[in-house]
Amino acid sequence: MPKKKVTNLAMLEEEILRLRQKSRGLEDQLGERVDHFKANYRSMAMNSVIPGVANSGVLGFVGKVAQTAFKSGSGKSLLTSALMTALEFIAVRFGVKLVNNFQQKRRRKKAQKAAAKEAEEE
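Residues numbered from 1 in each chain as written. Predicted model: local features only at pLDDT ≥ 70, side-chain atom pairs only at ≥ 80, totals over all residues. Heavy atoms only, no water.

Engineer: Pulling in residues and values, what's your account of the overall build of the protein chain?
Structural biologist: Broken down by element type, the protein chain carries three helices and zero strands. Along the chain direction, N to C, the helices and strands of the protein chain fall in the order α-α-α. Counting only carbon and sulfur atoms, one obtains 61% of the accessible surface of the protein chain, whose full area is about 11100 Å². (Helix = DSSP H or I, 4+ residues; strand = E, 2+ residues; numbered from the N terminus. Areas by Shrake-Rupley, 256 points an atom, 1.4 Å probe, with all protein chains shown as cover.)

In structure tokens form, the structure reads like this:
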């Protein structure tokens, strides 16, 4: 039923019914999308990190290798140390970048103030 201009009480009730039906339809669509997401979130996450890997069979192989490595003590410590090293590297790079951005902003502000002072003196 298309949208109509409401002019009386009967039309208002019809419009309310139409909007309720539309609301139910949208709720059903949302429920279907949530169910799809729940069923496929792992492959979606892997595809966002490494496109195409979720359906290639590589994921199963990588998972088995990781499972075997985590079962052995030396493999677990090696993977843990590699992961920690990578995280520290990323954290340091991110921290250095933040500090550099902050320093550059301060330098720009000082340069602008100095330029404004020189302009006032002239």
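Engineer: Would you mind going over a nonpolar patch on the surface in detail, with residue names and values included?
Structural biologist: There is a patch of nonpolar side chains on the surface, built from V6, L9, L12 and I16 and spanning about 330 Å² of accessible area. Along the chain, the position of V6 falls in the segment before α1 (9-49). Overall, V6 belongs to the partly exposed group, its relative accessible area being 38%. (Patch = residues over 30% accessible without salt bridge, like charges linked within 9 Å, V, L, I, M, F, W, Y side chains within 5 Å. Salt bridge = Lys/Arg side-chain N within 4 Å of Asp/Glu carboxyl O. Buried < 20%, exposed > 50% of the residue type's maximum accessible area, 1.4 Å probe, protein only.)

Engineer: Can you break down a negative patch on the surface residue by residue, with the values?
Structural biologist: A cluster of acidic residues, E27, D28, E32 and D35, forms a negative patch at the surface. Among the secondary structure elements, E27 is positioned in helix α1. Under the relative-accessibility criterion, E27 is labelled exposed at 53%. (Lys, Arg positive; Asp, Glu negative; His and termini not counted. Charge placed at Lys NZ, Arg CZ, Asp CG, Glu CD.)

Engineer: Report on the pattern of salt bridges, specifying residues and quantitative values.
Structural biologist: In the structure shown here, the tally under the stated rule is one salt bridge. In this structure, the salt-bridge partner of R18 is E15, at a minimum N-O distance of 2.6 Å. Taken as a pair, R18 and E15 lie in helix α1 at a separation of three residues, close to a single helical turn.

Engineer: Requested: an account of a positive patch on the surface, with residues and values cited.
Structural biologist: Side chains of K105, R106, R107, R108, K109, K110 and K113 sit close together on the surface and give a patch of like positive charge. As for its position among the elements, K105 is in helix α3 (residues 73-121).

Engineer: Help me get a handle on the confidence of the model for the protein chain, residues and values and all.
Structural biologist: Per-residue pLDDT for the protein chain averages 77, and the proportion of residues at 70 or more is 70%. The element-level mean pLDDT for the protein chain is lowest in helix α2 (residues 58-71), coming to 63, with α1 highest at 85. (pLDDT = per-residue confidence, 0-100.)

Engineer: I'd love a proper account of the side chain of R18, names of residues and values included.
Structural biologist: Under the relative-accessibility criterion, R18 is labelled buried at 12%. A distance of 2.6 Å separates a polar atom in the side chain of R18 from a polar atom in the side chain of E15. (Polar contact = N/O pair within 3.5 Å; in protein donor to acceptor, adjacent residues only side chain to side chain.)

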